[in-house]
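What follows is the residue order along each chain.
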2 protein chains.
Amino acid sequence: MKHATLRQLKVFESVARNLSFTRAAEELHLTQPTVSIQLRQLSDIVGLPLLEQVGKRVFLTDTGRELLKVSHDISEGLARFEMLVSDMKGVKAGKLRLAVITTAKYFIPRLLGPFCQRYPGIDVSLKVTNRERVLQRMIDNEDDLYVLGQPPEHMDVELEPFLENPLVVVAAHDHPLANRKNIPLSRLMEEPFLMREAGSGTRLATERFFGERGEKLKVRMELGSNEAIKQAVAGGLGIAVLSAHTLALERHGDELVYLDVEGFPIRRHWYVGHLKDKQPSVVALAFLDFLREESKLLGEHYLRGIPGFPGFIQDDQSFPAASR
Amino acid sequence: MKHATLRQLKVFESVARNLSFTRAAEELHLTQPTVSIQLRQLSDIVGLPLLEQVGKRVFLTDTGRELLKVSHDISEGLARFEMLVSDMKGVKAGKLRLAVITTAKYFIPRLLGPFCQRYPGIDVSLKVTNRERVLQRMIDNEDDLYVLGQPPEHMDVELEPFLENPLVVVAAHDHPLANRKNIPLSRLMEEPFLMREAGSGTRLATERFFGERGEKLKVRMELGSNEAIKQAVAGGLGIAVLSAHTLALERHGDELVYLDVEGFPIRRHWYVGHLKDKQPSVVALAFLDFLREESKLLGEHYLRGIPGFPGFIQDDQSFPAASR
DNA sequence: GGTAATCATAGATAATAATCTATGATTACT
DNA sequence: AGTAATCATAGATTATTATCTATGATTACC
């Protein structure tokens, strides 16, 4: 079957359906000799007759019947593929593979939920891991999109900011600095700090912030996760700089407070994107569009109460978390 | 997918396998630009990218992965068909549809057995029915081959004789003419005859035989099957002209004897064939060849003991059936 | 920065597939 | 026998596909 063509099979199907060369020709808007020749060619390729003529009547041979099955399978397979492609183009089908750094797990599900509702046919896969691994996955082209808090410096990537990611100083609610306003940075330097591991975006940003101001932190402890840091802070082991998002879901908790420190919150962003070379799929583009419009709402909702952000009332409410 | 070609799919499969245009080109003995263009065309036809390049590395897109599945299905389906065709050509697969008149049921299974042993992959279908229906099936092109005792006169058929079909006169073993030799036809005319229905081959041949000799039969009864006729003969209701094959399997029975009648047995044949227009399949041709060689043996075996046929000893053995 | 490797594009050619008109051959029907 | 219907064949043309050479663009590596 090396040289059979899909056209020949289509003509054969028509003849097999009509059991007439002439009617097949009409159906396909061809002349009868065209049909005759196409069938002759196909029969020569197969090496056995596909049709037999008994008087004026046309019958399928056994071989012809088998070929008809194969031909139908092919037609149906291609038709299904076409439908799938159409759905993919219309964002009615397809896959979205996201890899996000750990901290993003606090808000990404809030975005994925509505996205999946809007595009119910999309298959979403979410990988949550540390920054280093996310970058490796990017290099290995394992996902469609990546969410990071800190753009990598030595990689050709295409990232856009889509959400504010303020870094705040947190302390135990009964910390001496808990209700002070505009705490000078120098006062803060006397406090022991709890840090994430080297390489984490938050740590990088923190070190840069203090480094630019000639300040050196007293690092009491490095901890491997935001949860551990929060527990240590609540236990009075020190203070920490964290993404405000790590606290967003625990707004009703009363163990941690933000410190109103001069220069804080550090205004940073969440970035989403991919390697520069990569061409985003239709689904990935749809998600990017969705992010652009939805993250505004999300930001307003979740960043409320954080000093410097919308919804933070300076006058009659000191600190929502501390007010509870 | 109206305009995609099997060639394009083949090239795509190679690229997908190798994840490299250059290696695919080598594998297919083409130049790299050929491969590049083929993939570009296919991608344009589909309307979505099938491959993505990240740096020097080539990856399949989701769409590409789906197309690869479809392409494999197509390749596999065609490959299976090719194998089947090869088997059909080699008589290793295929179908044989036979329609035979009722009397042929006495010997056809003896031929089909060895044929099926020689060609175990052939699917055989045997239809046993009266002559009229066999002819109608032939007109309707329902089978591959037909077995008849009497060629139809007003149909364009291609039939060949393959086996002797002697018509003999049978009587009850205690019939007055049982042990007579060379019975004159005139004596036979005094006997009542039992006949098959009008239209049956045996009846036609019998009527022609006697007609040509100016004799008129006394038909006592018409019966619808050979079995009924044999029972009636054994019960003394009359004599009958029957194909020797109807008795072949009952050689050891002692109820019926052949009568040694002048002019008998009527030498006739079994015919096998089809409508003149019909092109016999590879399997049908194989069966015809098989019949040509096997029917000789069958004839020697089954016609032994019948006057006028090999193995009939005139001197010291009067009549094998009557000697029991 | 230079080189090698790899894919993309431009332009051209060759090969193949698809199709048509005209006519022949055969069957079915009156 | 004549006519209509239907498939096959011959010959020619058109359209499309497949492929190549040459070159450009980009990435990866040293």
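Everything in this summary refers to the structure shown in the same document. These numbers come from a predicted model, not from an experiment.

**Topic: the overall build of chain A**
A tally of helices and strands in chain A yields 12 helices and 12 strands. Taken against the 2.2 N^0.38 rule, which gives 20 Å for 324 residues, the C-alpha radius of gyration of chain A at 32 Å runs more than 25% over that of a compact globule. When the backbone C-alpha atoms are referred to their principal axes, chain A occupies close to 105 × 40 × 30 Å. Sequence separation of 24 or more characterises 74% of the internal contacts of chain A that already satisfy a separation of 6 or more. Here chain A displays about 15700 Å² of accessible surface, and carbon together with sulfur accounts for 49% of that area.

**Details of the protein's contact with DNA strand D**
Taken together, the neighbourhood of DNA strand D is formed by 24 residues, with A:Thr22, A:Ser36, A:Gln53, A:Lys56 and B:Lys56 sitting nearest. Close to the protein, within 4 Å, the atoms of DNA strand D are drawn from sugar and phosphate at a rate of 69%. Contacts to DNA strand D include B:Thr5, whose side-chain N or O atom sits 3.0 Å from a phosphate oxygen. The residue inventory of the surface near DNA strand D, partitioned by class, reads seven nonpolar, 12 polar and five charged.

**Notes on the side chain of B:Lys230**
For B:Lys230, the position within the fold is in helix 9 (residues 226-234). Looking at B:Lys230, its side chain comes within polar contact range of the main-chain oxygen of B:Thr246, at 2.8 Å.

**Considering the packing of helix 1 (residues 6-18) of chain A against helix 2 (residues 21-28) of chain A**
Helix-helix packing: each pair is described by the crossing angle between the helix axes and the interaxial distance. Residues and elements named next belong to chain A. Interaxial distance between helix 1 and helix 2 falls to 8 Å at its minimum, and their mutual angle equals 125°. Taken together, the axes of helix 1 and helix 2 lie oblique to each other. Helix 1 and helix 2 meet at a crossing whose hand is right-handed. Taking contact as the criterion, the partners of Val11, Ser14, Val15, Arg17 and Asn18 in helix 1 are, on helix 2, Phe21, Arg23, Ala24, Glu27 and Leu28. Of the residues belonging to the contact of helix 1 with helix 2, the class tally is five nonpolar, two polar and three charged.

**Regarding the side chain of B:Asp62**
Note that B:Asp62 resides in helix 4 (residues 62-89). For B:Asp62, a relative accessible area of 12% gives the class buried.

**Some remarks on helix 2 (residues 21-28) of chain B**
Residues and elements named next belong to chain B. For helix 2, every residue scored as buried is listed here: Ala24, Ala25 and Leu28. Looking straight down helix 2, one finds its buried side chains confined to an arc of 105°; they lie on one side. Here the buried face of helix 2 lies against helix 1 (6-18) and helix 3 (32-46). The opening residue of helix 2 is Ser20, an N-cap whose side-chain oxygen sits 3.3 Å from the backbone nitrogen of Thr22. A positive phi of about 60° marks His29, the residue just after helix 2.

**A look at the packing of aromatic side chains**
Residue and element names in this part refer to chain A. Inspection of the entire model under this criterion finds 20 aromatic pairs over all chains. Taking 5.0 Å as the distance between ring centres and 50° as the angle between the ring planes, the aromatic pair formed by Phe107 and Trp270 counts as tilted. Residue Phe107 is found in the loop between strand 3 (94-101) and helix 5 (108-118), and its partner Trp270 is found in strand 12 (residues 269-275); the two are separated by 163 residues along the sequence. Judged on exposure class, the residue Phe107 and its partner Trp270 are both buried.

**Remarks on the protein's contact with DNA strand C**
Around DNA strand C, 24 residues are found, and the nearest of them are A:Lys56, B:Thr22, B:Ser36, B:Gln53 and B:Lys56. Of all atoms in DNA strand C that approach within 4 Å of the protein, 67% are sugar or phosphate atoms. Measuring from a base oxygen of DNA strand C, one finds a side-chain N or O atom of A:Lys56 at 2.5 Å. Elements with a minimum of two residues in the surface near DNA strand C: helix 1 and helix 3 (32-46) of chain A together with helix 2 and helix 3 of chain B. At five residues, helix 3 of chain B tops the list of elements feeding residues into the surface near DNA strand C. Class assignment for the residues of the surface near DNA strand C results in seven nonpolar, 12 polar and five charged.

**Concerning the interface of chain B and chain A**
The partner chain A presents 37 residues to the 37 residues of chain B that form the contact. With both sides pooled, the region where chain B packs onto chain A buries about 3400 Å², and carbon together with sulfur makes up 63% of that total. Where chain B meets chain A, there are four salt bridges. Of the charged contacts, one joins B:Glu52 and A:Lys278 as a salt bridge, the two residues approaching to 2.7 Å between their closest N and O atoms. Among the elements of the structure, strand 1 (51-54), strand 2 (57-60), helix 4 and strand 3 (94-101) of chain B are those that each provide at least two residues to the side of chain B that touches chain A. When grouped by side-chain class, the residues that make up the side of chain B that touches chain A number 18 nonpolar, seven polar and 12 charged.

**Brief notes about the pairing of strand 1 of chain B**
Residues and elements named next belong to chain B. Sheet topology note: the strand 1/strand 2 ladder contains four bridges and is antiparallel. Paired with Gln53 across the strands is Val58, a residue of strand 2. Taking the residues between adjacent antiparallel strands as the criterion, strand 1 and strand 2 are bridged by two residues, where Gly55 takes a positive phi near 65°.

**Examining the environment of A:Asp44**
Looking at the element boundaries, A:Asp44 is found in helix 3. Sequence separation between A:Asp44 and A:Gln231 is 187 residues; the distance between their C-alpha atoms is 79 Å.

**Focus on the pattern of salt bridges**
For side chains bearing opposite charge, pairing can occur when the charged atoms are close. Per the counting criterion, the structure on display carries 40 salt bridges over all chains. For the salt bridge of B:Arg267 with B:Glu164, the shortest nitrogen-to-oxygen distance reads 3.2 Å. Of this pair, B:Arg267 sits in the loop between strand 11 (256-259) and strand 12 (269-275) while B:Glu164 sits in strand 6 (residues 157-164); the two residues are 103 residues apart in sequence, bridging distant segments of the chain. Sharing partners across several salt bridges, the network here consists of A:Asp62, A:Arg65, B:Arg97 and B:Asp144.

**Describing the sheet that holds strand 4 (residues 122-129) of chain B**
Residues and elements named next belong to chain B. With mixed pairing, the five strands of this open sheet are ordered in space as 4-3-5-12-6. Both edges of this open sheet fall to strand 4 and strand 6, since each of them pairs with a single strand only. For this sheet, the mean inter-axis angle between neighbouring strands, taken without regard to orientation, is 25°. In the sheet, strand 3 pairs with strand 4 via eight bridges, with the strands oriented parallel. By the bridge assignment for strand 4, Val100 is matched with Val128. Sitting on the sheet, helix 5 (residues 108-118) is in contact with strand 3, strand 4, strand 5 (145-148) and strand 6, with an inclination near 175° to strand 4.

About the thresholds
- Residues numbered from 1 in each chain as written.
- Chains lettered and ligands numbered in written order.
- Predicted model: local features only at pLDDT ≥ 70, side-chain atom pairs only at ≥ 80, totals over all residues.
- Heavy atoms only, no water.
- Helix = DSSP H or I, 4+ residues; strand = E, 2+ residues; numbered from the N terminus.
- Rg over C-alpha atoms; globule rule 2.2 N^0.38 Å.
- Contact = heavy atoms within 4.5 Å.
- Areas by Shrake-Rupley, 256 points an atom, 1.4 Å probe, with all protein chains shown as cover.
- Near = heavy atom within 4 Å.
- Polar contact = N/O pair within 3.5 Å; in protein donor to acceptor, adjacent residues only side chain to side chain.
- Nonpolar A, V, L, I, M, F, W, Y, C, P; charged D, E, K, R; others polar.
- Axes fitted to C-alpha atoms, helices over the stretch in contact; angles between N-to-C directions.
- Parallel < 35°, antiparallel > 145°, perpendicular 65-115°, else oblique.
- Left-handed = near helix turned anticlockwise from the far one by under 90°.
- Buried < 20%, exposed > 50% of the residue type's maximum accessible area, 1.4 Å probe, protein only.
- Arc of directions from axis to C-beta.
- Phe/Tyr/Trp six-rings, centres within 6.5 Å; stacked < 30°, edge-to-face > 60°.
- Buried area = accessible area lost by both parts, 1.4 Å probe.
- Salt bridge = Lys/Arg side-chain N within 4 Å of Asp/Glu carboxyl O.
- Pairing = 2+ DSSP bridges.

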